[in-house]
Amino acid sequence: MKTPLLAGSDADADADADADATESLPQRLGNPVIGIIGSGDFSRSLAIRLVASGFSVVVGSRNPKRIPKGLFPDGVELRSQREAVDSAERVIFAAIYPEHYSTLVGLRDGLAGKVLVDVSNATRLDDGELSNAEQLAELFPQSRVVKGFNVISAWALQTGAHDGSRQVLICSDCSDSKATVVQLTRRLGFSPVDLGGLVASRDIEKAPLHLFPSWEGATLVTFLLFLFFYGYNVVKHVLLPYLAHGEHNFYQLPLETVNQTLPAVALILLGLVYLPGLVAAVLQLARGTKYKRFPSWLDRWMCRRKELGLMSFLCAGVHAVYSISLNFISPTNINLTSFMNQNLTKQNVWRSDLYLSCGILGLGVLTLLALTSLPSVGNALNWREFTFMQSGLGYAALTLSIMHTLFFGWDFAFFPEAYRYYLPPVYLLALILPCVVLVGRVLLALPCLALRLAKIRRGWESSHNQPNQQRQQLLANQM
Amino acid sequence: MKTPLLAGSDADADADADADATESLPQRLGNPVIGIIGSGDFSRSLAIRLVASGFSVVVGSRNPKRIPKGLFPDGVELRSQREAVDSAERVIFAAIYPEHYSTLVGLRDGLAGKVLVDVSNATRLDDGELSNAEQLAELFPQSRVVKGFNVISAWALQTGAHDGSRQVLICSDCSDSKATVVQLTRRLGFSPVDLGGLVASRDIEKAPLHLFPSWEGATLVTFLLFLFFYGYNVVKHVLLPYLAHGEHNFYQLPLETVNQTLPAVALILLGLVYLPGLVAAVLQLARGTKYKRFPSWLDRWMCRRKELGLMSFLCAGVHAVYSISLNFISPTNINLTSFMNQNLTKQNVWRSDLYLSCGILGLGVLTLLALTSLPSVGNALNWREFTFMQSGLGYAALTLSIMHTLFFGWDFAFFPEAYRYYLPPVYLLALILPCVVLVGRVLLALPCLALRLAKIRRGWESSHNQPNQQRQQLLANQM
Amino acid sequence: MKTPLLAGSDADADADADADATESLPQRLGNPVIGIIGSGDFSRSLAIRLVASGFSVVVGSRNPKRIPKGLFPDGVELRSQREAVDSAERVIFAAIYPEHYSTLVGLRDGLAGKVLVDVSNATRLDDGELSNAEQLAELFPQSRVVKGFNVISAWALQTGAHDGSRQVLICSDCSDSKATVVQLTRRLGFSPVDLGGLVASRDIEKAPLHLFPSWEGATLVTFLLFLFFYGYNVVKHVLLPYLAHGEHNFYQLPLETVNQTLPAVALILLGLVYLPGLVAAVLQLARGTKYKRFPSWLDRWMCRRKELGLMSFLCAGVHAVYSISLNFISPTNINLTSFMNQNLTKQNVWRSDLYLSCGILGLGVLTLLALTSLPSVGNALNWREFTFMQSGLGYAALTLSIMHTLFFGWDFAFFPEAYRYYLPPVYLLALILPCVVLVGRVLLALPCLALRLAKIRRGWESSHNQPNQQRQQLLANQM
């Protein structure tokens, strides 16, 4: 136990390895020899990175002879797998496909007591069986298997992380071996994250397989909303006019119809960002306590607000570009702006000026919000700034978008022609949810409710949650 | 060699804790048991994060019985506060409101010798009295109080930092306890920053309360400039025409007037970004030395250039969008572009082409500049690149904006009508400062001045600063 | 008490120093005394940062007397160079110009055994002679010279890194001294990167001198392409018409001609992003193995795809802005959009709608791609997500851009006037390369080729590469 502890122990460059190194071969600048089994792409990239960070690397291949010259950088020794394992002082990477782990059993003695790093990925997302790292650990009981580096691409390894914030997920059942790899990771310029025991490798190996998991919900909602409103517009502005009066509006499909659909989608998505917060508040008020969990659907919804917001921003942005582009081909431009251009009165100049201003400002605020969702920007914000951006600016954007829509549809909402075929215009439908959210927010801002909510969130509980009075005191101090 | 090694051993997983852990309960994967007092939101989020990083967590509540199932993740034991304190091996978080710290005095013995982490925030920005952490330290003299994690939101804790660059400010009077918490922070995937002794907790606790402190100045300046020019435009283009000839231009207020104001503000702000640099250079030239401090207002101004620049970029961007939008409603569009459209000659096509090109390129360059102000982009730049962007591209943007304005206002500047009511057009006023800056920059680029300045910045001093000649030699080598 | 203190103490700041510190002067909170030789700007900024991180700092100046009050923050002692060296416990920064290192020889004894940090930059990029750090190491053989901090600007030191991802390149021949500086760096809130032995200092010192080295290629290609197509347009639309029929189209030079050139450049650049990938695939298919190196020009090209892509995005973006701006001055607007406006038929409304949609969507996709090139965004992506963005979305953008161009030039391609002076229109020339790339990609997607390629990339080799069959088995398992 002692040596390994000492080994794992040192601060930021594994010391005993250093010690040996500096004693045995001073020219090595106190950097330990790292072993890599396998001579494929990942092995090559890893070797490049290790050498660049001042390590000596020994790559073990089945037949080192036929590896072409210059495939590996200088400072890398190409040896047989056994030689590589033996000359590696402490850490050995297994850079071969998991299905070939069994071919290494011959090296068991050489690997005993050393840190064996599994860098493989899962091939499927299904659960149940052991992870590659766990299988490796079963094959080599005397080695200390550490999982890591699978989330880093060969590309990132070669070029090196250009800021120190590229994360490497690491886990192992041997904490000092893990510490060694953690330090190694940091020396390579990455940011190690310790995920605990080797069992975590099951998730770590699957990490590279996920495709924007957090975006599924938001994308689906956006898609469905778009589908609905696009269909609605097609029916109202293209299909029915054609069937009823043989009007040929089909040319509107690619631009006009899309551009009438996008703002509706953006507006509703923005409403959906702030709805869950209201629901949560109402729930807490109704229950009179914050010590009951929210239903899981609400939790999930809360966790997806960022994605919903960005989707709303996307739609709003594209809407802006479309609106501008539509002016290129004014003759066919049936959107209301140019409609105004034909019969323009000071009154609806006012209107159009106002709705343009609201639209521009609303989009501007949304842009600022979207900026804070960049990790590097968000990281620089403190609580209050983040709340100010998300809640304060968020509701400002919502209000501006609603005003934009109101000013836009103002008097047109009173033209009978707007209700052609008894179908209300899209922007009216799109306004319902956001307005509900806005009104709800205003109501929650009423002192009576706001104060009670604040109390609840500080830990206070309404009596009907409390068997005895003194319980309240007991819980009031939970942060 | 031994002690430092042991010492070093603590580096990335507090070793002694690990040691105990691995010996006493191997199944724990060498992760120490962390204690949390309090079962509120922060406690819950912290527990989730700790478990996710492979720690065992014991949460101490006044009455663990009534915490609803599933509120805390598996791997978290809910116990009484005393049990939690006792079973925690080294680190205990105090996740209750500071006003209730006194309720913990009963646990004093249990907490003795252990690391007690204060995660609370200040409630007010006023100074003077002790920080929460200092009060906690007074209550528990035998415990080692460490301040930290208050800058991390419960939200960030639950989701985990997605890159390793989220900073956690930490301070303590006990350096080894601090080191322990620093390592813990890093294992949770955050980036700890050691701010020294516990007295620093006064600032750390206030950190989350600040609202964009560095932006106050720039925002105020922008607001005042906008106010002034907007007022000026209203008087010149709306009020006076109405009073004098009863012209009704009020409909211009929301768009046209704003759009005449924004470019002026943007231009002057851009000038203000580069003015302090000139002032500093002139000061150094006049003093003949760089070893005298700048007046504090100049220092402060220098520190706010980035914010001023971004504000200028914001105004320029909105100006661009407004200009485009104004074309939607051309009939009422009185801005000069469309004015040109009516009586267009090849000559002022040239003009308009040029001023549009300058405007577009200027905005493009400003966009590149704004990009480098993103932390993740700026971090990837080295000195020379940063200087090239800020100084080189910056002055390019300034020059292009000035040309944009000049081409725009060229012949209009010579129409008497431009000076209606004896008020010069806004763009002339807006040009003064930027032109001064540009001329100043050019003058400073003259060899005679440039060389002298370079010498001064390398440490040389003009004789009148020097009692004796050999002093110069003495100081010439200060970097 | 001793062990834990030692233990903890080493974690993030060299232990022995801590030990002394805490024993000799407890008020120092276990933070070691850091020495700085030199009292210039860098020295001042460094001192500010060190004090902010809780260190005690002693600055050594030739004559501390005449340093103005308040130039250095409180907590910094101004002493003679000798006193500074003596009172520094372990780490001393040499913040003077390299040409004055020789003036320090008098301090040799005081510096013996201590860590001497060289923060200087190279003045020229030429290679050959020793680096400043190496020269310093020769001057002070008993000191342990560590290179570092030269990549950090005085400015970044003063303000402190706002996220933990600002990298500091460090190297030294003494690994434990290096470890000390590495820990120090981290405590200052930066992200240290160990580049190995002191010889690496030659590169480190030159790092700040490079000006976007990775951009040279892409910028040059873009510039040449722009030059060629601009010239081509000038000849075709301005020069020849003038010479042949005396048409005066010179006013087109600043906007129209640029705007006809940009999309061609953007399109070809986008093609150049995906061409090398195809070439590589074809090479592997032809060779029947992945164990032969690519020619170096292909490697370099592969490494520059990101820059080429961003350049293409830049051109496309400016093209969009120009196209919009051109509508300001429609009377002179000869670009085809407004040309359509004159004689508009339902048929080419369709066309224009489609080509606008494709253009907008294409630019939108390019924007998403550009976003992922932000370090902080890219860091958050895993393999599969990155591949999806780069390859999937990338080809989507390419396809959309090609369609945009096709729809744009559709029937015009069949007007004889388009081939005036026997010169084909630019967009036809620009389409060739991208179409080739797209077709190539489609061919490689054919099962026969795709499967073989997949096999090769998994390590399989075609027989003609293999002396004996069993070799294949041997190599098949290289990752």
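- Looking up chain A in an unreviewed UniProt entry gives the name STEAP3 metalloreductase, with the organism given as Myripristis murdjan.
- Comment text from UniProt for chain A, heading Subcellular location (unreviewed entry), reads "Endosome membrane".

Regarding the overall build of chain A
1) Next: Counting its regular elements, chain A contains 20 helices and eight strands.
2) Next: Residues counted as buried form 57% of the 479 residues belonging to chain A.
3) Next: With the model as given, the accessible surface of chain A reaches about 18900 Å², and the carbon-plus-sulfur share is 67%.

Let's talk about the confidence of the model for chain A
All names here are of chain A.
1) Next: The share of residues in chain A with pLDDT of 70 or more is 83%, and the mean pLDDT across the chain is 81.
2) Next: Segment residues 1-29 is flagged for pLDDT under 50; beyond a separation of four residues in sequence, or across chains, it makes 67 contacts in the model.
3) Next: A low-confidence stretch, residues 469-476 stays under pLDDT 50, and its non-local contacts, those more than four residues away or across chains, total 17 contacts.
4) Next: Across the assembled chains, the prediction reports ipTM 0.78 with pTM 0.82.

Re the environment of B:Pro425
Residues and elements named next belong to chain B.
1) Next: Take Pro-425: it is sitting in the loop between α17 (383-409) and α18 (426-444).
2) Next: Spatially, the C-alpha atom of Pro-425 lies 71 Å from that of Gly-75, the residues being 350 residues apart in sequence.
3) Next: In contact with Pro-425, not counting residues within four places along its chain, are Lys-236, Ala-418 and Tyr-419.

Some words on helix α10 (residues 216-245) of chain C
All names here are of chain C.
1) Next: The first and last C-alpha atoms of α10 sit 42 Å apart over 30 residues, in line with the 44 Å expected at 1.5 Å per residue.
2) Next: The sharpest bend along α10 comes to roughly 40°, located at Val-235.
3) Next: All of the buried residues along α10 are Ala-218, Thr-222, Leu-225, Phe-229, Tyr-232, Asn-233, Val-234, Lys-236, Val-238 and Pro-241.
4) Next: On its buried side, α10 packs onto α11 (253-287), α13 (305-326) and α18 (426-444).
5) Next: One or two residues past the end of α10 sits Gly-246, with phi positive at roughly 65°.

Regarding the packing of helix α11 (residues 253-287) of chain B against helix α12 (residues 296-303) of chain B
Packed helices, taken two at a time, are described by their axes: the angle between them and the distance between them.
All names here are of chain B.
1) Next: One way to put it is that α11 packs onto α12 with a least axis distance of 9 Å and a crossing angle of 140°. With respect to each other, α11 and α12 are oriented oblique. Relative to α12, the crossing made by α11 is left-handed. Listed contacts from α12 to Leu-272, Leu-275, Pro-276, Val-279, Ala-280 and Leu-283 of α11 are Trp-297, Leu-298, Trp-301 and Met-302.
2) Next: Partitioning the contact of α11 with α12 into residue classes produces 10 nonpolar, no polar and no charged.

Structural notes on the pattern of salt bridges
1) Next: Applying the stated criterion to the full structure yields 27 salt bridges over all chains.
2) Next: Measuring nitrogen to oxygen at the nearest pair gives 2.7 Å for the salt bridge that ties B:Arg202 to B:Glu134. Taken together, the positions of B:Arg202 in helix α9 (residues 201-206) and B:Glu134 in helix α6 (residues 132-139) put the pair 68 residues apart, joining distant regions of the chain.
3) Next: Taking relative accessible area as the criterion, B:Arg202 reaches 28% and is therefore assigned partly exposed.
4) Next: Notably, a salt bridge pairs C:Arg90 with C:Asp176, separated by 3.7 Å at the nearest N-O pair.

Description of helix α8 (residues 175-187) of chain C
Residues and elements named next belong to chain C.
1) Next: With 13 residues, α8 extends 18 Å between its outermost C-alpha atoms, agreeing within 8% with the 18 Å of an ideal straight helix rising 1.5 Å per residue.
2) Next: With respect to burial, α8 is a largely interior element, 12 of its 13 residues being buried.
3) Next: For α8, the set of buried residues is Ser-175, Ser-177, Lys-178, Ala-179, Thr-180, Val-181, Val-182, Gln-183, Leu-184, Thr-185, Arg-186 and Arg-187.
4) Next: Looking at the residues trailing α8, positive phi occurs at Gly-189, about 90°.

Comments concerning the domain arrangement of chain A
1) Next: As assigned here, chain A comprises domain 1 (33-209) and domain 2 (215-463).
2) Next: Summarising the inter-unit geometry, the C-alpha centres of domain 1 of chain A and domain 2 of chain A are found 49 Å apart.

Quick look at unusual backbone geometry
1) Next: Phi at A:Phe149 is positive, roughly 70°, even though this residue is not glycine.
2) Next: Tracing the chain through its elements places A:Phe149 in the loop between β6 (144-147) and α7 (154-159).
3) Next: One non-glycine residue, C:Phe212, lies in the positive phi region at around 45°.
4) Next: Along the chain, the position of C:Phe212 falls in the loop between α9 (201-206) and α10.
5) Next: A relative accessible area of 19% means that C:Phe212 is categorised as buried.

Quick notes on the sheet that holds strand β8 (residues 191-194) of chain C
Two modes of strand pairing occur in sheets, parallel and antiparallel, and in both the strands are linked by backbone hydrogen bonds.
Residues and elements named next belong to chain C.
1) Next: As summarised here, the arrangement of the eight strands in space is β3-β2-β1-β4-β5-β6-β7-β8, forming an open sheet in which the pairing is mixed. The open sheet has two free edges, formed respectively by β3 (76-80) and β8, since each of these has just one partner strand. Between one strand axis and the next, the sheet turns through 30° on average, direction left out of account.
2) Next: Of the pairings in the sheet, the one linking strand β1 (residues 33-37) to strand β2 (residues 56-61) comprises five bridges and is parallel in character. Among the inter-strand pairings, Ile-37 is bridged to a residue of β2, identified as Gly-60.

Some remarks on the UniProt feature "transmembrane region" (unreviewed entry) in chain A
Residues and elements named next belong to chain A.
1) Next: Here, the residues flagged by UniProt with the feature "transmembrane region" (unreviewed entry) are residues 211-232, 264-286, 307-329, 354-381, 393-415 and 427-451.
2) Next: Secondary structure within residues 211-232 divides into 77% helix and 0% strand; the distance between the first and last C-alpha atoms comes to 31 Å.
3) Next: The span residues 354-381 is 82% helical and 0% strand by assignment, and the distance between its end C-alpha atoms comes to 33 Å.

Here's the deal with the pairing of strand β4 (residues 91-94) of chain A
All names here are of chain A.
1) Next: Burial along β4 is two-sided: the residues Val-91 and Phe-93 and Ile-92 and Ala-94 are all buried.
2) Next: Of the strand pairs in this sheet, strand β1 (residues 33-37) and β4 are connected by three bridges, and their pairing is parallel. What sits directly across from Ile-36, in β4, is Phe-93.

Quick look at the packing of aromatic side chains
1) Next: Under the definition given, this model contains 30 aromatic pairs over all chains.
2) Next: Taken together, a centroid distance of 4.9 Å and an interplanar angle of 75° make the contact between B:Phe228 and B:Phe229 edge-to-face.
3) Next: B:Phe228 sits in the partly exposed class, given a relative accessible area of 48%.
4) Next: Overall, the relative accessible area of 3% leaves B:Phe229 in the buried class.
5) Next: Taking the centre distance of 5.3 Å and the plane angle of 75° together, the rings of C:Tyr355 and C:Phe408 count as edge-to-face. Of this pair, C:Tyr355 sits in helix α15 (residues 346-372) while C:Phe408 sits in helix α17 (residues 383-409); the two residues are 53 residues apart in sequence, bridging distant segments of the chain.
6) Next: A residue is classified by how much of its surface remains accessible, and C:Tyr355, at 6% relative accessible area, is buried.
7) Next: Judged by its relative accessible area of 21%, C:Phe408 falls in the partly exposed class.
8) Next: An aromatic cluster is defined as three or more aromatic residues linked by ring pairs; in this entry it consists of A:Phe228, A:Phe229 and A:Tyr232.
9) Next: The side chain of C:Arg108 reaches across the aromatic face of C:Phe140, ending 5.9 Å from its centre.

Considerations on the sheet that holds strand β1 (residues 33-37) of chain B
Residues and elements named next belong to chain B.
1) Next: Pairing is mixed in the open sheet, where eight strands are placed in the order β3-β2-β1-β4-β5-β6-β7-β8. The strands lining the two open edges of the sheet, one partner per strand, are β3 (76-80) and β8 (191-194). The sheet shows a mean angle of 30° between the axes of neighbouring strands, direction not considered.
2) Next: Across five bridges, strand β2 (residues 56-61) lies against β3 in parallel orientation. Counted as the bridge partner of Val-57 is Val-76 from β3.
3) Next: Across the sheet, helix α8 (residues 175-187) touches β1, β4 (91-94), β5 (115-118), β6 (144-147), β7 (167-172) and β8, and the angle it forms with β7 is around 165°.

Here's the deal with the packing of α11(B) against α17(B)
Residues and elements named next belong to chain B.
1) Next: Running from N to C, α11 and α17 cross one another at 140°; their axes reach a closest spacing of 10 Å. Between α11 and α17, the angle falls in the class oblique. As α11 packs across α17, the resulting crossing turns out to be left-handed. For the pair formed by α11 and α17, the contact residues are Leu-267, Leu-270, Gly-271, Tyr-274 and Leu-278 on the first element and Gln-390, Gly-394, Tyr-395, Ala-397, Leu-398, Ser-401, Ile-402 and Thr-405 on the second.

Description of the state of the cysteines
Residues and elements named next belong to chain A.
1) Next: Using the criterion set out here, one finds zero disulfides over all chains in the structure.
2) Next: Not engaged in a disulfide, the cysteine Cys-171 finds its nearest cysteine sulfur in Cys-174; these two sulfurs lie 12 Å apart.
3) Next: Of all cysteine sulfurs, the one in Cys-435 lies closest to Cys-358, which takes part in no disulfide; the gap is 13 Å.

A closer look at the environment of C:Trp383
1) Next: Within the element layout of this structure, C:Trp383 appears in helix α17.
2) Next: Accessibility expressed as a relative area gives 30% for C:Trp383, which makes it partly exposed.
3) Next: Spatially, the C-alpha atom of C:Trp383 lies 36 Å from that of C:Val146, the residues being 237 residues apart in sequence.
4) Next: If sequence neighbours within four positions are ignored, C:Trp383 has contacts with A:Asn121, A:Asn150, A:Val151, A:Ile152, A:Ser153, A:Ala154 and A:Pro208.

Rules used throughout
Residues numbered from 1 in each chain as written. Chains lettered and ligands numbered in written order. Predicted model: local features only at pLDDT ≥ 70, side-chain atom pairs only at ≥ 80, totals over all residues. Heavy atoms only, no water. UniProt positions renumbered as here; feature names shortened; annotations may be inferred. Helix = DSSP H or I, 4+ residues; strand = E, 2+ residues; numbered from the N terminus. Buried < 20%, exposed > 50% of the residue type's maximum accessible area, 1.4 Å probe, protein only. Areas by Shrake-Rupley, 256 points an atom, 1.4 Å probe, with all protein chains shown as cover. pLDDT = per-residue confidence, 0-100. Contact = heavy atoms within 4.5 Å. Expected span 1.5 Å × (residues − 1). Bend = angle between axes of the 7 residues up to and from the residue. Axes fitted to C-alpha atoms, helices over the stretch in contact; angles between N-to-C directions. Parallel < 35°, antiparallel > 145°, perpendicular 65-115°, else oblique. Left-handed = near helix turned anticlockwise from the far one by under 90°. Nonpolar A, V, L, I, M, F, W, Y, C, P; charged D, E, K, R; others polar. Salt bridge = Lys/Arg side-chain N within 4 Å of Asp/Glu carboxyl O. Domains from an automatic or database assignment. Pairing = 2+ DSSP bridges. Phe/Tyr/Trp six-rings, centres within 6.5 Å; stacked < 30°, edge-to-face > 60°. Lys NZ or Arg CZ within 6 Å of the ring centre and 35° of its normal. Disulfide = S-S within 2.5 Å.

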